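# Structure at a glance
Okay, here's what each chain looks like letter by letter:
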Amino acid sequence: GDQVKQSPSALSLQEGTNSALRCNFSIATTTVQWFLQNPRGSLMNLFYLVPGTKENGRLKSTFNSKESYSTLHIRDAQLEDSGTYFCAAEAGGSNAKLTFGKGTKLSVKS
Amino acid sequence: DAGVTQTPRHEVAEKGQTIILKCEPVSGHNDLFWYRQTKIQGLELLSYFRSKSLMEDGGAFKDRFKAEMLNSSFSTLKIQPTEPKDSAVYLCASSFGAQDTQYFGPGTRLLVL
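Below: a short report on this structure.

About the thresholds
Residues numbered from 1 in each chain as written. Chains lettered and ligands numbered in written order. Predicted model: local features only at pLDDT ≥ 70, side-chain atom pairs only at ≥ 80, totals over all residues. Heavy atoms only, no water. Helix = DSSP H or I, 4+ residues; strand = E, 2+ residues; numbered from the N terminus. Buried < 20%, exposed > 50% of the residue type's maximum accessible area, 1.4 Å probe, protein only. Polar contact = N/O pair within 3.5 Å; in protein donor to acceptor, adjacent residues only side chain to side chain. Contact = heavy atoms within 4.5 Å. Phe/Tyr/Trp six-rings, centres within 6.5 Å; stacked < 30°, edge-to-face > 60°. Lys NZ or Arg CZ within 6 Å of the ring centre and 35° of its normal.

All right, on to the side chain of Q102(B) then. Counting through the fold element by element, Q102(B) comes out in the loop between β9 (88-95) and β10 (103-104). A residue is classified by how much of its surface remains accessible, and Q102(B), at 1% relative accessible area, is buried. For Q102(B), the side chain forms a polar contact with the main-chain oxygen of A96(A), separated by 3.2 Å. When near neighbours in sequence (up to four residues on either side) are disregarded, Q102(B) contacts Q33(A), F35(A), N45(A), A96(A), L98(A), F33(B), Y35(B), A93(B), S94(B) and S95(B).

Set out below in structure tokens:
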């Protein structure tokens, strides 16, 4: 099975609404990274997380290492938030390899 | 600061050809990664270098894929010979090291006919 499972796989939001994306990990995870891939294909890093919570503008992300999951909350969704969101797990130690989820495709509509 | 750069942005190859993709990491970064992205498999790690040394070569991709890093500011990914199933987006990323943010290049979109 998938070592990093993202849900939902796709999501459609009305502009101005809120939502949450989730990642569940079945591998040992020390840190988590969230990325947004825009429709042109560029991957942009949103968050780098150790256990805990970070916030940046309308985005907030939490990593709960004890329960092996991470969430990304989007508040007041805007059209430019559309794209595919990926989470990735890093096992820790000296190995920087990331294991990616399959992504959540988000469409924000006006 | 320049981000990760990749060339070419698009490549079309005939089956059986050799193609070389190029990547320049962010200046000062020690780790460099090559990924392949397809709709079905998602993002898969092909190779991972730390300070030019190969740390991981992505098992299933050993056969026809070879990544090299001859100096700290340049890496290549050679696919030889290409097959239609290699059609994908190839992404390069770099970071300072473990437990650090990875920064991605724009990718090379490869189509093998």
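There is more to say, and it comes next.
Turning our eyes to something else, we now look at the packing of aromatic side chains. For the structure on display, the rule yields ten aromatic pairs over all chains. Centre to centre, the rings of F33(B) and Y35(B) are 6.2 Å apart; their planes meet at 25°, and the pair counts as stacked. Among the residues examined, F33(B) registers a relative accessible area of 0% and is labelled buried. Plain terms: the ring middles of F33(B) and Y48(B) are 4.7 Å apart, the flat faces sit at 15° to each other, and that makes the pair stacked. Of this pair, F33(B) sits in strand β4 (residues 31-38) while Y48(B) is found in strand β5 (residues 42-50), placing the two residues 15 residues apart along the sequence. Clustering of aromatic rings is evident, with ring pairs tying together F35(A), F86(A), F100(A), F33(B), Y35(B), Y48(B) and F104(B). One residue, R22(A), lies across the ring of Y69(A), its end atom 4.0 Å from the ring centre.

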